[in-house]
Number of protein chains: 2
Amino acid sequence: MLPQEVLTQSAEAIINFNNVGLSILEIGHRTSWFVDVIEEAKLLVKEFMQLQDGYEVLFLQGGATTQFMQVPLNLLGDAETAAYCDNGIWGSKAIKEAKLYGHVNVVASSKDKNHSYIPKAFTVPTESKYLHYTTNNTVEGTEWHTIPETTVPLVADMSSDIFSRPMDFNRFSLIYAGAQKNMGAAGVTLVVVKKSLLGTVPRKISSILDYQSHIEANSLLNTPPVFAIYVALLTLRWIKKEGGLVEMEKRAKIRADLFYNTLDALPLFTPLVAKEDRSLMNATFTIKDETLEAAFLEECKANGMVGIKGHRSVGGLRVSMYNAMPLSSVEALCSLMEQFAKKHG
Amino acid sequence: MLPQEVLTQSAEAIINFNNVGLSILEIGHRTSWFVDVIEEAKLLVKEFMQLQDGYEVLFLQGGATTQFMQVPLNLLGDAETAAYCDNGIWGSKAIKEAKLYGHVNVVASSKDKNHSYIPKAFTVPTESKYLHYTTNNTVEGTEWHTIPETTVPLVADMSSDIFSRPMDFNRFSLIYAGAQKNMGAAGVTLVVVKKSLLGTVPRKISSILDYQSHIEANSLLNTPPVFAIYVALLTLRWIKKEGGLVEMEKRAKIRADLFYNTLDALPLFTPLVAKEDRSLMNATFTIKDETLEAAFLEECKANGMVGIKGHRSVGGLRVSMYNAMPLSSVEALCSLMEQFAKKHG
């Protein structure tokens, strides 16, 4: 879901980008027009994250799934070990890819309870090359509300909660995020990396997979996804105009409080996640009487609410409440749930 | 350059995709709406290429530069040798990447004359794993007007002349093309691959780089670049409506004939490429008196013609005439060149 004004501005840019008389789909990626786009987007990312010197901001392709392999390819030597948290489907995929490049030590797992919580006390061996975790688990509906304490470099997949809240981003050595949740449309991946982290693995790396090459080329190593980067810029501008990450977090909390309070008050529904680990972005739950699920989804659809079905890997129901979701949509859903519960409770 | 109606339709889809009341930037990639998009695009590719059974059509990310490494990663074993043609900047980059994965035998090079021609007689050892070449060299302005004769599997980078002419596409085992020339906007890469070619290399391959994984997932292994695929579909529809590849080739020949005839008739300008190897997509030339180059570019710009400057790696001048370029634009440029030659000749 994107803000309406981002959609309007994106459509306008396809007809006439910045009044230069060309479409954003046609402008060359080495024109000053596009260099301005990428520079402004980088600056906004650095501003939101309050990044200290030494970080690079890259706009790449291939989504988080590509980062699952690009991170270990660049950071993890054949004989080295990286620590990974296994807290859901995306983290598991990252672990699988990392094993192709080096050793993986799963230091924290929530597999014993269907990934319905975030592990609290765990130890990261100091010789680990890095610690990788997924800040928000879209499928399971959990979110890390604190940053793990560790002395090893922190790597995080923030695809689904990036720019939804202020964080101490300088505690991370590498952050990546597919754009399609809070940061724009599918087709571009944000990577924020501490330069000092790179260059420690002797392996030969194809230039297109080498963070260092992308840094040297300022994200213009090859033709970048021009339009997707522009939509990301429009979304970043919108976040800033609305009040930045502080305001995004405030809205997320209001939305999530309303939703979870409604959920907890209705015995017909069962939340799937431990209270203290609930995601502000994705709420997962089931209906006690499973046979009512289809009827509930039907009612949602009739009221213009789509995408409530849980991820195909876990089933159940899921409500996503990303940055651009207006409170009124959550209110409408809550009132639908209350009526549904009254009818079927 | 994209057809005007593709731009208009793209902008409309950002506001309201297919009248479903959602933006193309918001629809899920697993909805039937998007599956229909990808299936129609695949069908059109198969139809244009008249592909026999056994081929798969994929829509990936990362551009031709990613294919430079993905091709050898998937097809070339550590101890095997692939034959490559070195006919320009893109081919050279492909060779560099292939060397990371196996042995490269450069069987045909035009390096001796600044890549200003296409090698005609060369031998491809029968034990080569495949022969790789770039069908059109955007930077140098050459194009292969025949398909090389060989018994080994043919792999071609068709990024810059795909769908500009009918070809016997069934002679290829793997074809790839970044979309941003004739097939849409930057952000999606077409890969057409013969399934029987895959699975012969024992190396472990990350799923995101494995053609086989993408085939099994029907290009939905991870979130695909939804919007870029949709723009590609709109462009494919436009090609079909206009008369298909036969009509695209007819138009390309009329444009190129006009341009090269004008170029050859004006002694002020020097074509850079051997007559029989000239590209129908990209014409490269210089002005005999180099000091006039800036004045010429200035005059072009004043008349709304941008992008005439040659690639930064070779200099000189370059005119690109992709599918969507109207004949009137070439006519305007030719008349500008004639007037410029009269003034300065």
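Values in this document were obtained by computation on a predicted structure and should not be read as measured data. (Residues numbered from 1 in each chain as written. Chains lettered and ligands numbered in written order. Predicted model: local features only at pLDDT ≥ 70, side-chain atom pairs only at ≥ 80, totals over all residues.)

### Section: the overall build of chain A
Okay, step 1: Across its full length, chain A carries nine helices and 12 strands.
Okay, step 2: The C-alpha atoms of chain A give 21 Å as radius of gyration, which agrees with the globular expectation for 345 residues (20 Å, within 12%).
Okay, step 3: With the C-alpha coordinates aligned to their principal axes, the bounding extent of chain A is approximately 60 × 55 × 30 Å.
Okay, step 4: Counting all 345 residues of chain A, 50% fall into the buried class.
Okay, step 5: Long-range pairs, those at least 24 residues apart, make up 65% of the contacts in chain A with a sequence separation of at least 6. (Helix = DSSP H or I, 4+ residues; strand = E, 2+ residues; numbered from the N terminus. Rg over C-alpha atoms; globule rule 2.2 N^0.38 Å. Buried ≥ 20, exposed ≤ 12 C-beta atoms within 10 Å, placed from the backbone. Contact = placed C-beta atoms within 7 Å.)

### With respect to the sheet that holds strand 10 (residues 269-271) of chain A
All names here are of chain A.
Okay, step 1: The strand order across the open sheet built from three strands is 10-11-12, with neighbouring strands paired in antiparallel fashion. At either margin of the open sheet sits one strand with a lone partner, and together these are strand 10 and strand 12 (317-320). Shown here is a sheet whose adjacent strand axes are inclined to one another by a mean of 35°, direction ignored.
Okay, step 2: Pairing between strand 10 and strand 11 (residues 282-287): three bridges, direction antiparallel. Note that in strand 11 the partner of Pro271 across the bridge is Phe285.
Okay, step 3: Seen against the sheet, helix 7 (residues 244-265) touches strand 10, strand 11 and strand 12 and runs at an angle of roughly 15° to strand 11. (Pairing = 2+ DSSP bridges. Axes fitted to C-alpha atoms, helices over the stretch in contact; angles between N-to-C directions.)

### A closer look at the interface of chain A and chain B
Okay, step 1: Chain A puts 38 residues into the contact, and the matching count from chain B is 38 residues.
Okay, step 2: Of all the elements in the fold, those that place two or more residues in the side of chain A that touches chain B are helix 1 (4-15), helix 3 (63-75) and helix 6 (226-242) of chain A.
Okay, step 3: Per-element accounting of the side of chain A that touches chain B gives the leading share, five residues, to helix 1 of chain A.

### As for the relation of the copies chain A and chain B
Okay, step 1: The operation relating chain A to chain B is a screw motion whose rotation component is 180°, with 0.0 Å of axial translation and a residual RMSD of 0.0 Å. What the rotation and shift describe, once combined, is the action of a two-fold rotation axis. By C-alpha distance to the rotation axis, the residue of chain A lying nearest is Ala11 of chain A, at 2.2 Å.
Okay, step 2: When the interface residues of chain A are mapped onto chain B, 100% of them again lie at the interface, so the same face is used by both copies. (Least-squares fit on C-alpha atoms with pLDDT ≥ 70 in both.)

### A closer look at the domain arrangement of chain A
Residues and elements named next belong to chain A.
Okay, step 1: Taken as a whole, chain A is organised into domain 1 (4-242) and domain 2 (244-344).
Okay, step 2: Computed over C-alpha atoms only, the centres of domain 1 and domain 2 are separated by 27 Å.
Okay, step 3: On the domain 2 side, the residues contacting the 24 residues of domain 1 number 24 residues.
Okay, step 4: Contributing elements (two or more residues each) for the side of domain 1 that touches domain 2: strand 5 (136-137), strand 6 (142-143) and helix 6.
Okay, step 5: Examining the composition of the side of domain 1 that touches domain 2, we find that three residues originate from one element, helix 6, more than from any other.
Okay, step 6: Of the residues assigned to the side of domain 1 that touches domain 2, the class counts are eight nonpolar, nine polar and seven charged. (Domains from an automatic or database assignment. Nonpolar A, V, L, I, M, F, W, Y, C, P; charged D, E, K, R; others polar.)

### With respect to helix 6 (residues 226-242) of chain B
Residues and elements named next belong to chain B.
Okay, step 1: Here helix 6 spans 25 Å end to end across 17 residues, near enough to the 24 Å set by a 1.5 Å rise per residue.
Okay, step 2: Burial within helix 6 is extensive, with 12 of its 17 residues counted as buried.
Okay, step 3: Within helix 6 the residues assigned to the buried category are Val226, Phe227, Ala228, Ile229, Tyr230, Val231, Ala232, Leu233, Leu234, Thr235, Leu236 and Ile239. (Expected span 1.5 Å × (residues − 1).)

### Observations concerning the environment of Glu331 of chain A
All names here are of chain A.
Okay, step 1: Locating Glu331 in the fold gives a position in helix 9 (residues 327-344).
Okay, step 2: For Glu331, a count of 14 C-beta atoms within 10 Å translates into the label partly exposed.
Okay, step 3: A C-alpha to C-alpha distance of 39 Å links Glu331 and Gln52, two positions 279 residues apart in sequence.

### Examining the sheet that holds strand 9 (residues 189-194) of chain B
In sheet architecture, strand pairing relies on hydrogen bonds along the backbone and comes in two forms, parallel and antiparallel.
Residue and element names in this part refer to chain B.
Okay, step 1: The mixed open sheet is built from seven strands, whose spatial order is 1-9-8-7-4-2-3. Edge positions in the sheet fall to strand 1 (55-60) and strand 3 (103-109), since each has one partner strand and no second. This sheet shows a mean twist of 20° between the axes of neighbouring strands, independent of strand direction.
Okay, step 2: Both strand 8 (residues 174-178) and strand 9 contribute to a ladder of five bridges, which runs antiparallel. Note that in strand 9 the partner of Tyr176 across the bridge is Val191.
Okay, step 3: Lying over the sheet, helix 2 (residues 32-49) contacts strand 1 and strand 9, oriented at roughly 130° with respect to strand 1.
Okay, step 4: The sheet contacts of helix 4 (residues 89-98) involve strand 2 (81-86), strand 3, strand 4 (131-134) and strand 7 (154-157), and relative to strand 2 the element is tilted by about 160°.

### Points about the packing of helix 1 of chain A against helix 6 of chain A
All names here are of chain A.
Okay, step 1: Axis separation between helix 1 and helix 6 bottoms out at 10 Å; the angle between their running directions is 145°. With respect to the hand of their crossing, helix 1 and helix 6 are arranged in right-handed fashion. Side by side, helix 1 and helix 6 meet where Glu5, Val6, Gln9, Ser10 and Ala13 of the first sit next to Tyr230, Val231, Leu234, Thr235 and Trp238 of the second. (Left-handed = near helix turned anticlockwise from the far one by under 90°.)

### Comments concerning the pairing of strand 3 of chain B
Residues and elements named next belong to chain B.
Okay, step 1: Pairing of strand 2 with strand 3 involves six bridges; the strand directions are parallel. Among the inter-strand pairings, Cys85 is bridged to a residue of strand 3, identified as Ala108.
Okay, step 2: Each parallel crossover has a hand, and for strand 2 linked through helix 4 to strand 3 it is right-handed. (Right-handed = clockwise from strand over helix to strand, strands pointing away.)

### Section: unusual backbone geometry
All names here are of chain A.
Okay, step 1: Although it is not a glycine, Phe163 sits at a positive phi angle of roughly 60°.
Okay, step 2: Along the polypeptide, Phe163 turns up in the loop between strand 7 (154-157) and strand 8 (174-178).
Okay, step 3: For Phe163, a count of 25 C-beta atoms within 10 Å puts it in the buried group.

### Structural notes on the confidence of the model for chain A
Okay, step 1: Overall, the predicted model of chain A reaches an average pLDDT of 96, with 100% of residues at or above 70.
Okay, step 2: Predicted as a complex, the structure gets a pTM of 0.96 and an ipTM equal to 0.94. (pLDDT = per-residue confidence, 0-100.)

### Points about the pairing of strand 7 of chain B
Residues and elements named next belong to chain B.
Okay, step 1: Burial of the side chains of strand 7 extends over both faces: Leu154 and Ala156 are buried on one face and Val155 and Asp157 on the other.
Okay, step 2: Across four bridges, strand 4 lies against strand 7 in parallel orientation. From the neighbouring strand, His132 faces strand 7, where its bridge partner is Val155.
Okay, step 3: By the bridge criterion, three bridges tie strand 7 to strand 8 in an arrangement that is parallel. Looking at the pairing, Val155 lines up with Leu174 of strand 8.

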